[in-house]
Amino acid sequence: MTTASDLLVVERYLTYVRVEKRLAQRTVELYTLDLAKLSDFAAQAKVGLLEVQNHHIRRWVAQMHSAGRTGRGIALILSGWRGFYHWLGRQGMLDCNPVLDVRTPKAPKPLPKALGVDAAVQFADFACTDAPWVEARVGAIVELLYGSGLRVGELVGLDVHASATARGWVDLQASEAHVLGKGSKRRTVPVGSAALWALERWLAVR
């Protein structure tokens, strides 16, 4: 249960950010919500706000994350708590800030979205109104990108034959493309029959 002294300290801090720091009303309201959450966690752990330790903060971060709160939301809450304990330290009421060195959970990195089958077919069947050589070149590019999974940077570095200066090349006989990928690492990818046909069509008119 939150003690009267804890409530008094919180009220003093909110007065400080409102009057002395002159923060916006909305910011003060957010700080109030952050400190209310901190008080709830402390009450559940049966510790006073001045008794909170680093391991308490880490546990509460884990609980918020497990409950579905995003990493950004947790980071904002920790920022409010960190400012509160920093102020307590300046007031001589605390020796160390328990929120220091507490990191928020990393946000998951979404995988790149690939074209669906219908969209890919529609894209591949697009009728080009330019010269035949342009249509052949576009067809070869699309087939290589989609069929071999090449990056754009890898595709534009392809040459017809292997050489000391080529960044990459296509081996039509082996149905393979040799490319220079990320980190200047060589890799070999298969080239399907549709891409081979498109390449041969392009090479005939380029």
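Here, every reference points to the structure presented above.
Residues numbered from 1 in each chain as written. Predicted model: local features only at pLDDT ≥ 70, side-chain atom pairs only at ≥ 80, totals over all residues. Heavy atoms only, no water.

A. Molecular detail of the sheet that holds strand β4 (residues 186–190). The strand order β1-β2-β3-β4 describes an open sheet built from 4 strands, whose pairing is mixed. Bordering the open sheet on either side are β1 (158–159) and β4, each of which pairs with just one other strand. Bridge count for strand β2 (residues 168–171) against strand β3 (residues 176–180) is 3 bridges, and the pairing is antiparallel. Bridging from a neighbouring strand, Trp-169 pairs with His-178 of β3. (Pairing = 2+ DSSP bridges. Helix = DSSP H or I, 4+ residues; strand = E, 2+ residues; numbered from the N terminus.)

B. Here's a closer look at the packing of aromatic side chains. Inspection of every chain in the model, using the stated rule, returns 9 aromatic pairs. Ring geometry for Tyr-13 against Tyr-31: centres 6.4 Å apart, planes inclined by 20 degrees, an arrangement best described as stacked. Highlighted residues: Tyr-13 in helix α1 (residues 4–20) and Tyr-31 in helix α2 (residues 25–45), separated in sequence by 18 residues. Judged by relative accessible area, Tyr-13 falls into the buried class, the value being 4%. Relative to Trp-60, the ring of Phe-41 lies with its centre 5.4 Å away and its plane at 10 degrees, an arrangement referred to as stacked. Here Phe-41 is found in helix α2, whereas its partner Trp-60 is found in helix α3 (residues 54–66), with 19 residues between them in sequence. Comparing Phe-41 with Trp-60, the two get one shared label, buried. Three or more aromatic residues joined by ring pairs make a cluster, and in this case those are Tyr-13, Tyr-16, Tyr-31, Phe-84, Tyr-85 and Trp-87. (Phe/Tyr/Trp six-rings, centres within 6.5 Å; stacked < 30°, edge-to-face > 60°. Buried < 20%, exposed > 50% of the residue type's maximum accessible area, 1.4 Å probe, protein only.)

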